Structure formats: C-alpha cells, structure tokens
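Below are the chains, spelled out letter by letter.
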Amino acid sequence: MANGVWHTEYGIEINLTQPDLGVRGYPGLLEEIMTSVSERNPQMLECLAHHRGKPCASEAGGKSPWMFIRRARVGGRSPLVAAHLPITHKPTPAESDQHKATKERIVETAEGYGLAADAEVGMPNRRGVTDAVVTGPSGIQIGWEIQYSPLSPSSVHRRSVNAMEHDITPLWVAKDDTAALIDRAPWARVDDMSWREIADGSEMVIRGGYRHLQVWRCLSSSALHCPDNGGTGHCGAIHAEWFLPALCDPPKPPVRIEDLILTSATGDSVPVFVPSRGGGRAGRHMWVPRTECRTWRELTGQWNPLPKVQEQTDDEITFSEQEIDRSCRAGEEGWFRSDPRPVRDLGQPTGGFTLARMPAQRKRRATWITQVERSAAAATLGCPPWEVGPCIGCGQLMRRYGPNAAMACDACRASAIPRQRGA
C-alpha cells in the first residue's frame, strides 16, 4: 500500500495524507478517486513509481501498475491508502466464456423446469443489469449474478441493495474461495470449470454457500463436537449450527446448481442471515432448506425475513499530513505490504445456538418446557414438535404431534372405534 498515487486523467500527483489531497481546484476529487473500479476507468490511478519510470514490483510480478483507494485501519486511525489492483480489471477471454456459459446454463435449466427466465435484465432504475432473473410459480424472483472476476465489497453491497429494492433476491455465484462477495450477500461457490465443461452439462456442485441445520445433544455418543468447549468434550446441552452437506451427521447429498436454480425459485431453499456466535453485527449470508430455516427461527427467535444488506458505516478519514513515498511497496512486509486476498469460504460450521439448561424441578412438580425447548427436542429426535391440550373426550391433558393431530387420548379413541364401525 502507498500514501500517494498519480491521476492519469488530470496529470496530478495525489497525496492521500493531506486533507486537500495535496492539490487545489479539483472539487469532488475525493469522491471520484474512491469510486469503485467497476464504475470508472481502471487506469485512472497509477503507481507513482511506474509513472516516474521506476521499478514497479506489482507489474514485475505479472500484475497491475494501476491502483485503487480504500480506507485502512491503523491503531484506531482510518487513513486512505492506495493499493494495486490484483489483475487488470478487464476479464480474460476464458473468464468471459465461463461467465457466458454459466449464464446460459442457468436460463436453459430454469426454462427446462418450466420457470420464466431472462438474461441481461436491466433494473427499472437503470442502475444495473442482472445476469439472469429466474421467476418462480409464486412470483419469487432470483437475480443470478455470475462473478468470476474480482469485485469490491462496496460493489457487492450496492448491487445487492439495488436488487432487493426491486423485490429481486440476489444470488451471487463465485468460483474463488477468496471472493469478496462470500458471506456478504446470498451466494454460492462452484468449481473453476472451463466454459466447455459448463456448456456440456458437467456436474456443477455447490461447494460453498449452501448449508444444513444440525441440532444435536452434546453427548459422548455424538459424532459432532461441542462448539462451546473448543471442539473437545461434551456438555450435555442441545446445540444447533449450520454445516456443509458433506460434514453433516449423517452426510447430506451434494447440492448441484440445477437444484438451487429450482428450489430458490420455488421457495424450498431460502436465503438467511446467520449472526456469528459471538453476537454483534457480524454474520454470514447463506442458502438453506426452508423447513430447516423455520426450525432455526423457532430456536433463536429470529423471525424477521432476510434483512436488507446494511450500509457499512465508515469511520472519519484520518489525515496525517506526511510526505509522499514515491517508491513502489507492493509485496513488501510492514505497513506497505500488499497482502494476498484471504480465504473467505472456510467451510467450518457457522452460526451457533446452545439451548439454556432447564432449571432443576422439585419432586412431584410438573416440568413445563418452553416452545424453544420443545422445538429443540423435536429437531434432535427428528420428529414434529408436540403440543399439550385437553382430550376432546375426557378432558385429560395429553400430547399431540403437529397442529392437525387428533386431540383424543388413546382410551377415548379405543372406545370410539366400535361405534365408528357400527358395533
């Protein structure tokens, strides 16, 4: 990262540590240089070393001498820094072919299921074009965004909000486990396949972004470990977390892109935002089965629908008013290091809910449990939640399974059988 950059269109040197950026007479310059690369000339900002004919470590490494501006966090401060673009922003021909083949496969698959599907759908406000929109029988609209090239988090946020404002649920498709879109909006990750494999119908398994809810009692006989004890030991409580299909107990079958095309449009798979176990605003977006989402909401009390992608609040920019360092720092250790993109799709269990222990009951006192406890027990045992109500024959309290179950005890039902047969 660097504290200065060259503006190729204005022919000026910008000092990011100065409140006026080291230049005068350019109103709106800060907003301009902070604009997403997807919305401006990617060669607008240049490495100062490259501009001066000096060695550019990024270009020497086969990457780009062009730069973008972002906020950094250093000891409670928020300075502006310039970083090299990871690649030339224009997708390669292979990436373009992959993108086109995936888009066509989504539309053709949806139409094969009898769903309405269109490619390159413009937003009503003319602020974007969605790669493919699939509409389900009940009117659910899924906006598929195939993103095989790098995209900034701010662009993911802006385009996701724009889609949801028009009642379109975004579904981002990535092939890279470091993609910035992962967990920041409803997403799915597939393998890096050639365009010909995609077009020929080779299996496209969802490797990340789709999960199943696992609810289990934390006993020594359980194959799942205790999330509250660092993955060791057993606490006896009931836990609930979201797992990848292959890591479930027993393992769930893999989800293919064809499955997600159909179930997302019919509502059998739904997007959900799961807060991190530590609480706060952090969390992950994912696709889950609708029935399991209902169980999760019963356990956690999170009954709100998928929230809008929240606008990220930025700290006030800090200007340290220093001299520009005109050497290229790409790849160096320390403050100027250009770090590789971290892996975001780690595949670990996420979310997390632990049912509080019920208080000890005195002898001869009825044990009443809450609806959450009842739902957790039902999910653990794999049966519908039971409810308590009076028998319609004798009035005795009894359990029933499901809202449509008969409300008569075994004795009353047995006595009614002969009369029903005409005896």
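On a predicted model such as this, the values are computed, not experimentally measured, just so you know.

Glancing now at the overall build of the protein chain. Per the secondary structure count, the protein chain includes 10 helices and 17 strands. Split into buried and exposed, the 423 residues of the protein chain put 41% on the buried side. A fraction of 56% describes how many contacts in the protein chain between residues 6 or more apart in sequence connect residues 24 or more apart.

All right, on to empty space enclosed by the protein then. Think of a ball as big as a water molecule: rolled over the atoms, this probe shows where empty space is left. Tallied over the full model, the rule gives 2 cavities of 30 Å³ or more. Empty space within the largest cavity amounts to approximately 80 Å³. Its residues assigned to classes, the lining of the largest cavity comprises 4 nonpolar, 2 polar and 5 charged. Considering only enclosed or pocket space, the second largest cavity measures out at about 70 Å³ in volume. Lining the second largest cavity are 16 residues; nearest its centre among them are Met1, Ala2, Met67, His84 and Arg329. Sorting elements by how many residues they give to the lining of the second largest cavity places strand β5 (residues 80-84) first, with 3 residues.

Moving on: the sheet that holds strand β2 (residues 12-15). Reading across from one edge, β2-β1-β3 is the order of the 3 strands in this open sheet, with antiparallel pairing throughout. Unpaired on one side and paired on the other, β2 and β3 (45-46) mark the two borders of the sheet. As judged from the 4 bridges shared by strand β1 (residues 4-7) and β2, these two strands associate in the antiparallel manner. Looking across to β2, one finds that Val5 is bridged to Ile14.

Taken as a whole, this structure holds 11 salt bridges when the rule is applied. For Asp191, the salt bridge goes to Arg207, with nearest N and O atoms at 3.0 Å. Note that Asp191 is positioned in the loop between β10 (187-189) and α6 (195-199) and Arg207 in the loop between α6 and β11 (212-217), a separation of 16 residues in sequence. Take Asp191: its relative accessible area is 29%, and that puts it in the partly exposed class. Of the charged contacts in the structure, one is a salt bridge between Arg256 and Asp259, with a shortest N-O distance of 3.0 Å. Overall, Arg256 belongs to the partly exposed group, its relative accessible area being 32%. Judged by its relative accessible area of 24%, Asp259 falls in the partly exposed class.

This part takes up the sheet that holds strand β9 (residues 169-174). Taken in spatial order, the 5 strands line up as β6-β7-β8-β9-β10 in an open sheet, and their pairing is mixed. Lying at the two open borders of the sheet, with one neighbouring strand each, are β6 (116-122) and β10. Sheet twist, expressed as the mean angle between neighbouring strand axes with direction ignored, is 25 degrees.

Most of strand β12 (residues 238-243) sits inside the fold, with 6 of its 6 residues counted as buried. Here β12 shows a buried face lined by Ile238, Ala240 and Trp242 and a second buried face lined by His239, Glu241 and Phe243. Alignment of β12 against strand β15 (residues 350-354), held across 3 bridges, turns out to be antiparallel. What sits directly across from Ala240, in β15, is Phe353.

Among the structural elements, Asp131 can be located in strand β7 (residues 129-135). For the buried Asp131, no salt bridge is present, and the opposite-charge side chain at shortest range is Lys103, 5.1 Å distant. There is a polar contact of 3.2 Å between the side chain of Asp131 and the side chain of His99. A polar atom in the side chain of Asp131 sits 2.8 Å from the backbone nitrogen of Ile146. With near-sequence residues (within four places) excluded, Asp131 lies in contact with His99, Lys103, Asp118, Ala119, Glu120, Trp144, Glu145 and Ile146.

What counts as what
- Residues numbered from 1 in each chain as written.
- Predicted model: local features only at pLDDT ≥ 70, side-chain atom pairs only at ≥ 80, totals over all residues.
- Heavy atoms only, no water.
- Helix = DSSP H or I, 4+ residues; strand = E, 2+ residues; numbered from the N terminus.
- Buried < 20%, exposed > 50% of the residue type's maximum accessible area, 1.4 Å probe, protein only.
- Contact = heavy atoms within 4.5 Å.
- 1 Å grid on protein atoms, 1.4 Å probe; cavity = no way out; pocket = protein on both sides within 12 Å on 5 of 7 lines; lining within 4 Å.
- Points joined across faces, edges and corners; volume = space filled by probe spheres on them.
- Nonpolar A, V, L, I, M, F, W, Y, C, P; charged D, E, K, R; others polar.
- Pairing = 2+ DSSP bridges.
- Salt bridge = Lys/Arg side-chain N within 4 Å of Asp/Glu carboxyl O.
- Axes fitted to C-alpha atoms, helices over the stretch in contact; angles between N-to-C directions.
- Lys, Arg positive; Asp, Glu negative; His and termini not counted.
- Polar contact = N/O pair within 3.5 Å; in protein donor to acceptor, adjacent residues only side chain to side chain.

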